[in-house]
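Residue-level listing of the chains:
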Amino acid sequence: MDKKTGQSNRFINSTVILYIVLWLLQPVPNRTEGDIRGIATYTMILATVVFIIYLAVNIASFEKNIYVTTKSITGTVLAVLGLWVILTAKTGILEEALFPSPEIVLRQMFSDSRLPGDILSSLITLGKGYLSALVFGIFLGSVLGMSKKFGNSITYITTFLKLIPPIVYIPYAIALLPRYESVSTFVIFMSSFWPIFSSTYVGVKGVEKQYLDSAKVLNVGFFSRMINVILPASLSEIFIGCNQGLAYSFIMLTSAEMIGGSAGIGYYIKYYSNFGDFTRIIVGILVIGIIISIITFLISKLENHLLRWKPK
Amino acid sequence: MNKIEIDHLSLDYAEKKGSFTALQDVSLTVKEGEFVSIIGSSGCGKSTLLSVLEGLNHPSSGTVKINGEPVKGCGIDRGVVFQQYSLFPWMTARNNVAFGIKQSRKELSRAERLQIADEYLKKVGLDNFGNKYPGQLSGGMQQRVAIARALAMDTDILLMDEPFGAIDPKNRTALWELLLELWENDSEKKKTVLFVTHDIDEAIFLSDRIIMMDSAPGRVSAEIEVPFRRPRIRTELLRSKEYNFFKNNLLNAFYNEEEEVEEDNHYIESYIDKIAL
Ligand SMILES: Nc1ncnc2c1ncn2[C@@H]1O[C@H](COP(=O)(O)OP(=O)(O)OP(=O)(O)O)[C@@H](O)[C@H]1O
Ligand SMILES: [Mg+2]
């Protein structure tokens, strides 16, 4: 019995077996024409890198949850690679033109010269739109939430505006804004602002009276009250809106770039789909998936850190 | 000099239909440096009375003055310990105390504030808990942090609402002594303390004067000077005849106020026997 997982052996388990299977697949001849003979270098480098990280974490004996996370990520990557290569190059079950093998996709991904520029462009667009929504949304939400004048009217308005699919802003943005990049930024701003604003407003309105009374008898000034009392007290509520806004942003980022962009990962996919270049389309899809996973992971880490005081 | 002057104070809470009179015609003065306890049955308006002094509620009629000035709102001359937990759960115990110090003693640097915070946490017996969040502390420990914060803020006036209610007897007696020590010796000026409690021994041991309140509507029913000299030695005082005589009278007065409770000397005597043990 393994003390970390409670069930599987540390060195003979599904992850190790998947890695070995991937190697055993290598000598099997390809049924497709486009694939290189012999060892699939990019595939095996990727597989080996994730496998070594897994082993390192395993041997270094980090906390249980780090180990489990690494193990499941490694297992997923290896399983996807294995299944993918079997369905494409090794058997030809999937149409070669639509579903290139992992080796072809990975080679394209790591040698594509315009990809880094497009990724950077998307990240900048996302950063500008989302961060400004964050700043304005949290600021306006907490100022209006703190003031006694506004009652439920704001909640009704924001509930309505939140329900509008942000994609409808695209035609207006294209018509009104001078440059393509600002279209994507604007649409991301619009799609993440409302959830962030309304959750902040609701959170701040709902701060428990006992905290406000404590702050009052301590004579805490306006800004200190906002930063040290009201925002922390409504933080978990605010994070709900931030995560929702982020999810909208990802959807809108690629949509806006595909509809009206001239750069970015959405545009990359759109551009190559005009040529039916499915290798690059898959590269684009993978890159988007990876970026979203990394950002979501970092934000959830940040959330856990900022809310570490909450009793579990 | 009168530090606190309450003159014909009434307070009505607005309710869905009409209003509820929580305090009616309460008049009370507390001298500078005086330690005054308030006892009275649950719901008689003790917390409400303190809330007016804290500046959180406003009189419906009558006046409340501190240092001769009508109370306009909250002020940093008053240190407050609420009946319910008053800590910020997102700050560690040390930061909660330091945050309070920051509000009342702006001249101190951050390092000094943290040092004082640690000092006071030690005084309330929580030296190893500075880095814990309130959610990781027991109810009594949280209350001790709140007490440490109020004491560390070094205010002229302390308004304490059943601060020791949730604390075990051993820590409680230690806190009595700590509170008296800080009240008498900590700064040049003696602090003025208004202290709500349900514990008669606590009220007698700590105070110069005891205010009894009665309910429906909340009002002051009696004021009793505590005749014992200071410094009071707790163990000696509790054993003395005078103490038990005084306490007996106090309980008599207290139960006579309560209409529901039958006048029954046997009951009172056996009650006294129980606590004297
Ligand atoms: N915010 C409020 N709105 C309406 N009524 C209230 C409010 N706060 C208190 N009351 C009522 O006022 C009365 C006095 O309450 P208060 O909290 O001052 O009592 P207390 O003497 O502190 O009681 P305890 O010893 O249980 O703490 C109670 O009857 C209570 O129901
Ligand atoms: Mg009370």
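Within each chain, residues carry numbers counting from 1 in the order of the written sequence. As a convention, the first chain written is A and the first ligand written is 1, with the rest following in written order. Selection of residues for local features in this predicted model requires a pLDDT of at least 70, selection of side-chain atom pairs for listing and counting requires 80 or more, and totals for whole chains, interfaces and linings are taken over all residues. With hydrogens and water set aside, each side-chain value is computed from the structure's full complement of heavy atoms.

To continue, consider the overall build of chain B. Only DSSP runs of H or I covering at least 4 residues are called helices, and only runs of E covering at least 2 are called strands; the numbering of each starts at the N terminus. When helices and strands are tallied, chain B shows 9 helices and 10 strands. The atom set for the radius of gyration is the C-alpha atoms, and the globule formula is 2.2 Å times the number of residues raised to the power 0.38. Rg of the C-alpha trace for chain B: 19 Å, near the compact-globule value of 19 Å for 277 residues, within the 12% margin. C-alpha atoms of chain B, sized along the principal axes, occupy 55 × 45 × 40 Å. Looking at chain B residue by residue over its 277 residues, the buried ones come to 52%. Once local pairs closer than 6 in sequence are excluded, the contacts in chain B between residues at least 24 apart make up 67%. Only the protein chains shown count as covering a residue, and every accessible area follows the Shrake-Rupley method with a 1.4 Å probe. On chain B, roughly 13200 Å² of surface is accessible, and the fraction owed to carbon and sulfur atoms is 47%. For the purpose of counting charges, residues Lys and Arg are taken to be positive, whereas Asp and Glu are taken to be negative. His and the chain ends are not included. Each charge is placed at NZ for Lys, CZ for Arg, CG for Asp and CD for Glu. Distance from the positive charge centre (34 side chains) to the negative charge centre (43 side chains) of chain B: 7 Å. The buried label goes to any residue with under 20% of its type's maximum accessible area, the exposed label to any with over 50%, and the partly exposed label to all in between, with areas taken from a 1.4 Å probe on protein chains only. The criterion used for residue contact is that any of the two residues' heavy atoms lie within 4.5 Å.

Residue and element names in this part refer to chain A. Considered domain by domain, chain A is made up of domain 1 (14–111) and domain 2 (115–306). Throughout, the edges of the domains are those of an automatic or database domain assignment. Put simply, the middle of domain 1 and the middle of domain 2, counted by C-alpha atoms, are 35 Å apart. Approximately 800 Å² of surface area, both sides summed, lies buried where domain 1 meets domain 2, with 80% of it carried by carbon and sulfur atoms. For the domain 1 face of the interface with domain 2, the top three residues by lost area are Leu98, Gln108 and Met109, together amounting to 58%. Any carboxyl oxygen of Asp or Glu that lies within 4 Å of a side-chain nitrogen of Lys or Arg is treated as forming a salt bridge with it. At the surface where domain 1 touches domain 2, the tally comes to 0 salt bridges. Here a polar contact is taken to be a pair of N or O atoms separated by no more than 3.5 Å, where protein atoms must pair a possible hydrogen donor with a possible acceptor and residues adjacent in sequence count only if both atoms sit in side chains. On inspection of domain 1 and its partner domain 2, the count reaches 0 residue pairs in polar contact (both at pLDDT 80 or more). Put simply, buried area is how much 1.4 Å-probe accessible surface two parts lose in total, over both of them, once they are put together.

A common way to express how large an interface is: the accessible area buried when the components associate. Facing 19 residues of chain A, the contacting portion of chain B comprises 22 residues. Interface area, chain A with chain B, both sides summed: about 1700 Å², of which 69% is carbon and sulfur. Broken down residue by residue, the surface that chain A buries against chain B is led by Val217, Leu218 and Trp309 of chain A, which jointly contribute 40%. The interface formed by chain A and chain B includes 0 salt bridges.

Residues and elements named next belong to chain B. Each residue after the first adds 1.5 Å to the expected span of a helix. Relative to the 20 Å expected for 14 residues at 1.5 Å per residue, helix α4 (residues 139–152) spans 20 Å between its end C-alpha atoms, a close match to the ideal helical length. Of all 14 residues in α4, 13 are buried; the element is thus mostly enclosed. At the C-terminal side of α4, aspartate 154 shows a positive phi close to 50°.

This brings us to the coordination of the magnesium ion (ligand 2). Shown as donors are all N, O and S atoms within 2.8 Å of a metal ion, widened to 3.2 Å for Na, K and Ca; because water is not in the atom set, sites may appear incomplete. The protein atoms that coordinate the magnesium ion (ligand 2) are Ser47 of chain B (OG) and Gln83 of chain B (OE1), at distances of 1.9 to 2.2 Å. Note that serine 47 of chain B is positioned in helix α1 (residues 46–54) and glutamine 83 of chain B in the loop between β6 (78–81) and α2 (93–104), a separation of 36 residues in sequence.

Only residues whose relative accessible area exceeds 30% and that form no salt bridge enter a patch; like-charged residues are grouped when within 9 Å of one another, and nonpolar side chains (Val, Leu, Ile, Met, Phe, Trp, Tyr) when within 5 Å. Where nonpolar side chains cluster on the molecular surface, the patch consists of Ile167, Val168, Ile174, Met258 and Ile259 of chain A and spans about 390 Å² of accessible area. On the secondary structure map, methionine 258 of chain A appears in helix α10 (residues 222–260).

Residues and elements named next belong to chain B. Here 6 strands make up an open sheet; going across it, the order is β6-β7-β8-β3-β9-β10 and the pairing mixed. Looking at the sheet topology across the chains shown, the edges are occupied by β6 and β10 (219–225). Neighbour to neighbour, the strand axes of the sheet diverge by 15° on average, direction disregarded. In short, DSSP must find at least two bridges between two strands for them to pair. As paired elements, strand β7 (residues 157–161) and strand β8 (residues 192–196) share 5 bridges and run parallel to each other. From the neighbouring strand, aspartate 161 faces β8, where its bridge partner is valine 196. Where α4 meets the sheet, its contacts fall on β6 and β7, and the angle it forms with β6 comes to roughly 175°. Taken strand by strand, helix α5 (residues 169–185) contacts β3 (35–40), β7 and β8, and its axis lies near 140° from that of β3. Here the axes come from fitting lines to C-alpha atoms, over the contacting stretch only for helices, and the angles between their N-to-C directions go from 0 to 180 degrees.

All names here are of chain B. Taken together, 14 residues are adjacent to ligand 1, and Ser42, Lys46, Ser47, Thr48 and Gln83 come closest. Between ligand 1 and the protein, one listed contact pairs an oxygen atom with a side-chain N or O atom of lysine 46 at 2.7 Å. For ligand 1, an oxygen atom lies 3.0 Å from a polar atom in the side chain of histidine 198. Contact with the protein chains removes 65% of the 640 Å² of surface that ligand 1 exposes when unbound. Proximity is defined per residue: any heavy atom of the residue falling within 4 Å of a molecule or strand makes that residue near it.

Residue and element names in this part refer to chain B. For chain B, the assigned domains read domain 1 (2–77 + 156–276) and domain 2 (79–155). Relative to domain 2, the C-alpha centre of domain 1 lies at a distance of 24 Å. Note on domain 1 versus domain 2: buried area summed over both sides is about 1900 Å², and carbon and sulfur give 60% of it. Counting across the interface, domain 1 meets domain 2 through 1 salt bridge. Of the charged contacts in the structure, one is a salt bridge between aspartate 154 and lysine 191, with a shortest N-O distance of 2.7 Å. Counting across the interface, domain 1 meets domain 2 through 10 residue pairs in polar contact (both at pLDDT 80 or more). Looking at the side of domain 1 that touches domain 2, the elements with two or more residues in it are α1, β7 and α5. Note on residue classes: Ala, Val, Leu, Ile, Met, Phe, Trp, Tyr, Cys and Pro are nonpolar, Asp, Glu, Lys and Arg are charged, and everything else, Gly too, is polar. Its residues assigned to classes, the side of domain 1 that touches domain 2 shows 14 nonpolar, 3 polar and 7 charged.

Turning our eyes to something else, we now look at unusual backbone geometry. Residues and elements named next belong to chain B. Across the junction of alanine 216 and proline 217, the peptide omega takes the value -5°, indicating a cis bond. Mapping proline 217 onto the fold places it in the loop between β9 (209–214) and β10. For the peptide bond that leads from arginine 230 to proline 231, omega is -5°, which places it in the cis range. Looking at the element boundaries, proline 231 is found in the loop between β10 and α7 (234–239). Of note in this structure, glutamate 162 is not a glycine but carries a positive phi near 45°. Summarising the element assignment, glutamate 162 is placed in the loop between β7 and α5.

A word on the pairing of strand β4 (residues 61–66) of chain B. Residues and elements named next belong to chain B. Relative to β4, strand β1 (residues 2–14) is paired through 5 bridges, and the arrangement is antiparallel. Within β4, the residue paired with isoleucine 6 across the bridge is valine 64. Where β4 meets strand β5 (residues 69–70), 2 bridges bridge the pair, whose relative direction is antiparallel. Counted as the bridge partner of lysine 65 is proline 70 from β5. The hairpin formed by β4 and β5 contains 2 residues between the paired strands, and asparagine 67 there has a positive phi angle of roughly 55°.

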